[in-house]
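Overview (structure and organization)
Okay, here's what each chain looks like letter by letter:
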Amino acid sequence: MLEVLGLAAGYGASRVLFDVNLRVEEGQVATLLGRNGMGKTTTVRAIMGLNPACGGKVAFRGAAVAGLAPERIARLGIGLVPEGRQVFPTLTVRENLVATAADRFARRNPWTLARIEALFPRLAERRDQLARTLSGGEQQMLAIGRALMTNPWLLVLDEATEGLAPVIRNEIWATLGALKAEGQAILVIDKNLSALKRLADRHHVLEKGRTVWAGDTAALEADGERVRGWLGV
Ligand SMILES: Nc1ncnc2c1ncn2[C@@H]1O[C@H](COP(=O)(O)OP(=O)(O)O)[C@@H](O)[C@H]1O
Ligand SMILES: [Mg+2]
């Protein structure tokens, strides 16, 4: 579904990514792991065209996406839940959900407001509230719901449980498990290794802008000491 090969990118003259390699297969969950500042968010931004790549390849469902405008890449079916949520603060919950909604691929069971509200009942309770009045956890659910409403082939979550209470985190992990069970492909960036081991099929470790390790969950367990070294845990 998504293949990134030798990706290089940065900010102006400062290079941050040197050789990022990662793969997400249809119906699978993949992770991007690494300590703060290793280039995870920059990788996501480069995939989405928000930071132009200066080398390497990004292929999504067989098409090369490097150089396309961010809106075009999103329209190919990548739904981003960005770091820091970034909901539209002065729109209501429902307005946030419909603002970028689309069903471009005539999916079998497309996402609707009703389905999102069933997935996150708290959003149903708050549907007419302005997004800025929501708690952090509710804003996170809204950001996930907004991305799902674009009916993406691939859902990308950048630190979606960061700073949330354990009970809310668990709700989000359970939701991601349910989405996976429906066949949703997901790329997830997070620090909770034990939750990721339960959820994900494949893992990638970034160290200073390079993929230094990749493998499945069994390989990650087998290589635990080395991986924990890169993650600083
Ligand atoms: N807007 C920016 N301008 C310049 N450098 C940046 C910017 N955002 C991030 N960086 C730098 O890029 C590197 C990787 O950051 P980032 O991709 O956010 O890492 P991570 O998501 O893994 O924590 C860091 O050294 C960071 O300081
Ligand atoms: Mg980040």
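Keep in mind the model is a prediction, meaning the values are calculated, not measured. (Residues numbered from 1 in each chain as written. Chains lettered and ligands numbered in written order. Predicted model: local features only at pLDDT ≥ 70, side-chain atom pairs only at ≥ 80, totals over all residues.)

1. Here's the deal with the overall build of the protein
For clarity, the cut-off: Starting at the N terminus, helices and strands are each numbered in turn, a helix being any DSSP run of H or I of at least four residues and a strand any DSSP run of E of at least two. Values of the radius of gyration come from C-alpha atoms, whereas the globule rule sets the reference at 2.2 Å times the count of residues to the power 0.38. Our contact criterion uses C-beta atoms placed from the backbone: two residues qualify when those atoms are within 7 Å.
Regarding its fold elements, the protein presents 10 helices and 10 strands. Radius of gyration (C-alpha) of the protein: 17 Å, near the 17 Å computed for a compact globule of 233 residues. The long-range fraction of contacts in the protein, counting pairs at least 24 apart against all pairs at least 6 apart in sequence, stands at 66%.

2. Let's talk about helix α7 (residues 166-181)
Here is the rule: By this rule, a helix spans an expected 1.5 Å times one less than how many residues it contains.
Here α7 is 16 residues long and its end C-alpha atoms lie 22 Å apart, about the 22 Å a rise of 1.5 Å per residue gives. Contacts from the buried residues of α7 go to α6 (136-148), β8 (185-189) and α8 (193-199).

3. What to know about the environment of G37
Summarising the element assignment, G37 is placed in the loop between β3 (29-33) and α1 (40-47). Sequence spacing of G37 and A99 is 62 residues, and the spatial spacing of their C-alpha atoms is 31 Å.

4. Describing the pairing of strand β4 (residues 53-60)
Basically, it comes down to this: Any two strands with at least two DSSP bridges between them are considered paired.
Sheet analysis places strand β1 (residues 2-11) next to β4, joined by 6 bridges and oriented antiparallel. The residue bridging L2 from the neighbouring strand is F60, located in β4. One ladder, built from 2 bridges, connects β4 with strand β5 (residues 63-64); its direction is antiparallel. Bridging across to β5, A59 finds its partner in A64. The hairpin turn running from β4 into β5, its antiparallel successor, is 2 residues long, and R61 in that turn takes a positive phi close to 50°.

5. Some thoughts on unusual backbone geometry
Where we set the bar: Each residue is classified by how many other C-beta atoms fall within 10 Å of its C-beta atom, where C-beta atoms are placed from the backbone; a count of 20 or more means buried, 12 or fewer means exposed, and values in between mean partly exposed.
You will see that E159, though not glycine, has its phi angle at about 55°, which is positive. Take E159: it is sitting in the loop between β7 (154-158) and α7. According to the C-beta neighbour criterion, E159 is buried, with 20 such atoms within 10 Å. For K208, which is not glycine, the phi torsion reads 45° and is therefore positive. In this fold, K208 is placed in the loop between β9 (202-207) and β10 (210-216). With 13 C-beta atoms counted inside 10 Å, the residue K208 sits in the partly exposed group.

6. Some points on the environment of V58
Secondary-structure assignment places V58 in strand β4. The class of V58 is buried, set by 25 C-beta atoms lying within 10 Å. Placed 58 residues apart in sequence, V58 and I116 show a C-alpha to C-alpha distance of 30 Å. Every residue in contact with V58, bar those within four places of it in the chain, is listed here: V4, L7, I47, A53, V65 and A66.

7. Topic: the nonpolar core
A general trend in soluble globular proteins is that nonpolar side chains are found buried together. Filter applied, for reference: What makes a nonpolar core is a set of buried Ala, Val, Leu, Ile, Met, Phe, Trp, Tyr and Cys residues, with links drawn between C-beta atoms within 7 Å.
Judged by nonpolar contacts, the single largest core of 62 residues is most densely connected at V156, L187 and V188. The contacts of V156, once residues within four sequence positions are left out, are V44, I78, G79, L80, V81 and L187.

8. Regarding the site of ligand 1
This is how the line gets drawn: The C-beta atom of each residue is placed using the backbone, and any residue whose C-beta lies within 6 Å of a molecule or strand is treated as near it. Basically, the charged four are Asp, Glu, Lys and Arg, the nonpolar ten are Ala, Val, Leu, Ile, Met, Phe, Trp, Tyr, Cys and Pro, and anything else, Gly included, counts as polar.
Within the structure, ligand 1 sits among Y11, S14, V16, G34, N36, G37, M38, G39, K40, T41 and T42. Mapped by element, the contributors of at least two residues to the shell around ligand 1 are β2 (14-24) and α1. A per-element tally of the shell around ligand 1 places α1 first, with 3 residues. When the residues that make up the shell around ligand 1 are grouped by side-chain class, the tally is 3 nonpolar, 7 polar and 1 charged.

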